Amino acid sequence: MKRALLIIICFAWTLGLSGCGTLFSGHRDMEHLRPVQVAGLDADGDGRVTLSVCTGTGPESEPPLALRAAAPGIEAAADRLQDWSPRDELFYAHVRYLLLGEDMAGTGLLQALDWVERSPAMRMETPLLIVRGRADALVEAALGESISAAESLGALEREEKVRGREPPTLRQAAAGLAERGWALCLAVEVLPAEGTVLSDPDAAAIVPAGLALLREGQPPVFLSRSEALGAALLDGSAAGTHVPLDGSEAELLGGQAKAEGLWTGSSLTGLLLRCELGAGIVERLPEDDRTALADRLAQTLTDCLTEAVGLSQALGCDFLGLEDAVRASAPDRRAARALDWDAVFPALPVTVTVEADVGRGYDLVS
Amino acid sequence: MGDDRVTPRQARAAAFTALLAPLIRVLPRGAAALAGRGAWLSVFAAAPALLALALLLRSLCRALAPGEGLAPLFLRVFGPVLGRALLVLYGGWSFLYAGFVLRGGAERLAAAAYPHSGPEPFILAMLALSLLASLGTVRGLARTGAVLRGLLLGVLLLMFLLALRDLDPENLFPLRDVRPRDVLLGALPAATVGGAAALFSFLAGYAEPSSRPGRDLASLLLCYLLTASALCLTTVGSFGAGLTTRLSYPFFTMLRDITLFGAAQRFEAAVIALWVFSDLLLCTLLLRCGNEAWRTVFALPVPEGDGPLRSLRRGRWLLWVGAALAGGCAALVSPSSEVFRLWTDRLAPLLMDLFVWGGLPLLWLVGRLRKIV
């Protein structure tokens, strides 16, 4: 009986250690929590960091808040942000987007990764976006009445998903950096809304800025639109992309560029990129026929692939993942194992061939 | 050992459940650091060594008298002086490793679920529960292990299935770039953790003989290797080998991101809490193993499993001494996280390898030479 009683007391004691009771734990009411939906990090130099956050609507339908604090560390900045209200607590368990400013991205992901991993609230599956410029400028951008940065970024994410692309998460970016030394992330920037549909002249718009290439300890490289399209062609995520063709416009319907090495004996002498894809006509100038559009599209895509590979070679960073395909095309296993890819890649001659078939859209019959 | 007997099924279940605690701590970070993306494959490379160890233990156990654990065999093989000295070391290591397990479990709880807390309250609570359980019967421990095995395996299986969605094949394949040497090296952590079960041979006197020892051994080994491989597969598949080696608890970090159809999430706290049972079982078994070693040194009788808790008669005081040693080790083993990491990654595995892969084969060899084994 005494043993049973002692066991019951021990289990009751351990239940008390679970932190679920209001007396001994940090219990908080839902009404006093402001969920943070966007968190941005900027490096201010001298080891200081600016943490900017955008919350959702408040418990009593208050509009979203954008807040910013600078401190020697991220957690210190988070503590400072908490000072804005003694009643409501910023709640980081539902952060939808993690933004890194350009300067912060140049220092690598370790600091952000450390903060997220140590935090019991945040998750590594949070989509990571690189901001061209400062993240706090995006978080605080005047987007219009009751439009938060989270909603704007959500719209961008939905557009990407329609094209079959998911924004890389912090986990994927950190894994890529650790595994391969690079990671590709979606880039965004804030632009003045002047000349757009927004009526407020002081409003700003969050727009996609292509792709950002992260490398440990180096400033991010923002891929131009054509370089990003070249990268998308190589990883098979170009479907749905609109390609302007000097007044006309085509929409890519799929297809993927394949890479293979050109070998002379056991030596790699070149790189061949082949791409066959279909496209639909989105807009056609009256003087353009399908053949001319197809030729122009093929040339445009050739230029995109050439620029993408050229950037990869100039940086000495195979962010297009060409190495595996080249090794797979080796004449034998010995040649594949003997290949010193890092040494040969930067100066490798590249040949690109693209065949584009432009289908008929809902043309006006002339 | 009287009627405090354990069936072979219960013994297997208790051993497997107890090994889950060091498995989570050592793998997959240890295997990923050595074998890279081949970590999930490297655990199978530990199979021959673990099989050889199991056969060695079986050979040693055949030399035991009914109801006898491994401890008296040390005296018969090495003599009263050297045998006792070795038993003091084995018993001491069991108690110290129990303390290390307590500390590891407490650190895991504090780091993963209670970041604003220190490990001390958890160490005290777990030590008290382990001592309480060790003062009971071995049969009770084994039965608890059998129940927990089903629970923990079920949870693991669910987590593995949910984690499949986030696996990136590029983190796992192709394997042609992984050197065979690295795969073999990657087997070391799995061999060290699996080999720790050899210490439970000190409790061999409580186990009923198995009618199908080969099948029992094969099923335990297969279950262990499949679990270890799945751990590595899901963690390295999610994070990549490089990131896995940087995270403190990669498996639990992976769990934090798992959602059930986007509706339920944050499973890691519940899973971390469940893993405390594995720590408790391992710690308790180690306290009993250390007790078996030291009571042989002092020629103490088998402790009564059903006696009153506060009774110190018939050698039960030794369990309190062992618990105090374990508690002292838990409190002092890591003044900082760097020191704890050193213990986790280097010192504890090295010492365990010394006692298991060094000491037990030596026992067998000398026993064979003296025609005792």
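Residues numbered from 1 in each chain as written. Chains lettered and ligands numbered in written order. Predicted model: local features only at pLDDT ≥ 70, side-chain atom pairs only at ≥ 80, totals over all residues. Heavy atoms only, no water.

K.L.:
Could you give me a rundown of the overall build of chain A, with the residues and numbers involved?
P.N.:
For chain A, the count of helices and strands is 12 helices and 14 strands. Looking at chain A as a whole, 47% of its 366 residues qualify as buried. In chain A, the share of contacts with a sequence separation of at least 24, taken over all contacts with a separation of at least 6, comes to 66%. Accessible area of chain A: about 18200 Å², with a carbon and sulfur share of 53%. (Helix = DSSP H or I, 4+ residues; strand = E, 2+ residues; numbered from the N terminus. Buried < 20%, exposed > 50% of the residue type's maximum accessible area, 1.4 Å probe, protein only. Contact = heavy atoms within 4.5 Å. Areas by Shrake-Rupley, 256 points an atom, 1.4 Å probe, with all protein chains shown as cover.)

K.L.:
Outline a positive patch on the surface, listing residues and values.
P.N.:
Judged by side-chain charge, Arg333, Arg334 and Arg337 of chain A together with Arg176 of chain B come together as a positively charged surface patch. Mapped onto the elements of the fold, arginine 176 of chain B is located in the loop between helix H8 (138–163) and helix H9 (180–195). (Patch = residues over 30% accessible without salt bridge, like charges linked within 9 Å, V, L, I, M, F, W, Y side chains within 5 Å. Salt bridge = Lys/Arg side-chain N within 4 Å of Asp/Glu carboxyl O. Lys, Arg positive; Asp, Glu negative; His and termini not counted. Charge placed at Lys NZ, Arg CZ, Asp CG, Glu CD.)

K.L.:
Give me the confidence of the model for chain B: which residues, what numbers.
P.N.:
Interpretation of this model should avoid reading the predicted coordinates in detail wherever pLDDT is low. On average, residues of chain B score 89 in pLDDT, and 95% of them reach the 70 mark or higher. Reported confidences for the modelled complex are a pTM of 0.84 and an ipTM of 0.78. (pLDDT = per-residue confidence, 0-100.)

K.L.:
Give me the lowdown on the packing of H9 of chain B against helix H14 (residues 337–369) of chain B, citing residues and values where you can.
P.N.:
Residues and elements named next belong to chain B. It is the contact of H9 with H14, at a shortest axis distance of 9 Å, that shows an interaxial angle of 60°. Comparing their axes, H14 and H9 come out oblique. Where H9 crosses over H14, the two elements pack in a sense that is left-handed. Residues Ala191, Thr192 and Gly195 of H9 touch H14, and the partners they reach there are Pro349, Met352, Asp353, Val356 and Trp357. Partitioning the contact of H9 with H14 into residue classes produces five nonpolar, two polar and one charged. (Axes fitted to C-alpha atoms, helices over the stretch in contact; angles between N-to-C directions. Parallel < 35°, antiparallel > 145°, perpendicular 65-115°, else oblique. Left-handed = near helix turned anticlockwise from the far one by under 90°. Nonpolar A, V, L, I, M, F, W, Y, C, P; charged D, E, K, R; others polar.)

K.L.:
Account for the environment of alanine 106 of chain B, naming residues and giving values.
P.N.:
Residues and elements named next belong to chain B. Summarising the element assignment, alanine 106 is placed in helix H6 (residues 80–112). Take alanine 106: its relative accessible area is 0%, and that puts it in the buried class. Taking the C-alpha atoms as reference points, alanine 106 and alanine 125, 19 residues apart in sequence, are found 9.5 Å from one another. For alanine 106, the contacting residues outside a window of four places in its chain are Pro119, Phe122, Ile123 and Met126.

K.L.:
Break down the packing of aromatic side chains for me, with residues and values.
P.N.:
All names here are of chain B. By the definition in use, this model includes 18 aromatic pairs over all chains. Here the aromatic rings of phenylalanine 252 and tryptophan 275 are separated by 6.4 Å at their centres, their planes lie at 80°, and the arrangement is edge-to-face. Taken together, the positions of phenylalanine 252 in helix H11 (residues 250–256) and tryptophan 275 in helix H12 (residues 268–297) put the pair 23 residues apart, joining distant regions of the chain. The residues phenylalanine 252 and tryptophan 275 share a single accessibility class, namely buried. In this structure an aromatic cluster arises from ring pairing among Phe74, Phe78, Tyr90, Trp93, Tyr97, Phe100, Phe202, Phe340, Trp343 and Phe355. (Phe/Tyr/Trp six-rings, centres within 6.5 Å; stacked < 30°, edge-to-face > 60°.)

K.L.:
So what's going on with the side chain of arginine 103 of chain B? Which residues, and what values?
P.N.:
Residues and elements named next belong to chain B. Locating arginine 103 in the fold gives a position in helix H6. Separated by 2.7 Å, the side chain of arginine 103 and the backbone oxygen of alanine 330 make a polar contact. Once residues within four sequence positions are removed from consideration, arginine 103 is found in contact with Pro119, Ile123, Ala330, Ala331, Val333, Ser334 and Phe340. (Polar contact = N/O pair within 3.5 Å; in protein donor to acceptor, adjacent residues only side chain to side chain.)

K.L.:
I'd like to hear about the pattern of salt bridges, residue by residue, with values.
P.N.:
Tallying each qualifying case throughout the model produces 22 salt bridges over all chains. A salt bridge links arginine 134 of chain A to aspartate 44 of chain A; its shortest N-O distance comes to 3.1 Å. Taken together, the positions of arginine 134 of chain A in the loop between strand E6 (128–131) and helix H5 (135–139) and aspartate 44 of chain A in strand E1 (residues 33–45) put the pair 90 residues apart, joining distant regions of the chain. By relative accessible area, arginine 134 of chain A is classed as partly exposed at 32%. The salt bridge partner of arginine 341 of chain B is aspartate 345 of chain B, with a shortest N-O separation of 3.3 Å. Here arginine 341 of chain B pairs with aspartate 345 of chain B, and both are found in helix H14, just four residues apart, close to one helical turn.

K.L.:
Tell me about a nonpolar patch on the surface, residues and numbers included.
P.N.:
On the surface, a cluster of nonpolar side chains totalling about 340 Å² of accessible area is made up of Leu41, Phe44, Leu222 and Leu226 of chain B. As for its position among the elements, phenylalanine 44 of chain B is in the loop between helix H3 (39–42) and helix H4 (47–62).

K.L.:
Tell me about helix H5 (residues 71–78) of chain B, and name the residues and values.
P.N.:
All names here are of chain B. All of the buried residues in H5 are Ala71, Leu73, Phe74, Val77 and Phe78. The arc that holds every buried residue of H5, seen down its axis, measures 150°, which confines them to one face. Two residues or fewer past H5, glycine 79 is found with a positive phi of approximately 90°. (Arc of directions from axis to C-beta.)

K.L.:
Any details on the nonpolar core? Residues and values, ideally.
P.N.:
One finds Leu41, Leu51, Tyr92 and Leu128 of chain A together with Phe74, Phe202 and Leu360 of chain B to be the most contacted residues of the largest nonpolar core, which totals 171 residues. In terms of residues, this core owes the most to one element, H12 of chain B, which gives 16 residues. If you look at the next biggest cluster of nonpolar residues, it comprises 68 residues, including Leu138, Val221, Leu229 and Ala259 of chain A. (Core = buried A, V, L, I, M, F, W, Y, C linked by side-chain atoms within 4.5 Å.)

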